[in-house]
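Residues per chain, in single letters:
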Amino acid sequence: MTSERDALLSAVASPERAVRDIGDLIGDRLAFGPVTAGPGGMATAQATGVVGRLRARRGTRPGSTEVHVPVQLDIAVQMGSRNVPVEARMTVRIGLEACLAPEEDHVLVEVDELGPGDIALETHTRGVGGVFVRRLGNLDAEIRHHVIGYVTELLETPEARELRRIPLDEEGEETA
């Protein structure tokens, strides 16, 4: 049997709201870099990406939601005078957990810590440079590391923190 509190959390912290809010934060394009990459920082990488259609579903606990963010990244890895293009397709899973604040006047949405297992990744490289980057540079781990940093930083911005605090009115409904 669902409690009133659980019903409130499910209504306020809905998957639709999560998709809207995270989509607004991320936008439809992203970019990061240049960042050092590879053993001993032997390379630099710069990425630009296109964000696909976000999906979300309710988690197993009341107020929990998973948002899946598909991204197509084009990465330029610079090693000395050689530029190695890398194409990466990924889906980032962001776990959210809503809880009623002690004052019971708002809902707080906490973000699960993002880890390598939250990023489904497929990369493609070409040529000798691509083989070298993939084998020596642990390419997939490097991409996951930088994506985790990017997403974590984004979700800790003042704008994101404000979106994670959802006010309630006297009747327990979300305010606009």
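Right above here is the structure, for reference.
Residues numbered from 1 in each chain as written. Predicted model: local features only at pLDDT ≥ 70, side-chain atom pairs only at ≥ 80, totals over all residues. Heavy atoms only, no water.

(A) Representation of the pattern of salt bridges in the model. Taken as a whole and judged by the stated rule, the model has ten salt bridges. Of the charged contacts in the structure, one is a salt bridge between Glu122 and Arg89, with a shortest N-O distance of 2.8 Å. Here Glu122 is found in strand E7 (residues 119–125), whereas its partner Arg89 is found in strand E5 (residues 82–100), with 33 residues between them in sequence. A relative accessible area of 35% places Glu122 in the partly exposed class. One salt-bridge network, held together by shared partners, links Arg57, Glu66, Arg93 and Asp118. (Salt bridge = Lys/Arg side-chain N within 4 Å of Asp/Glu carboxyl O. Helix = DSSP H or I, 4+ residues; strand = E, 2+ residues; numbered from the N terminus. Buried < 20%, exposed > 50% of the residue type's maximum accessible area, 1.4 Å probe, protein only.)

(B) View of the environment of Pro34. Along the chain, the position of Pro34 falls in strand E1 (residues 29–37). Residue class for Pro34 comes out exposed when judged on its relative accessible area of 60%. Ignoring any residue separated from it by four or fewer positions in sequence, one finds Pro34 in contact with Ala45 and Gln46. (Contact = heavy atoms within 4.5 Å.)

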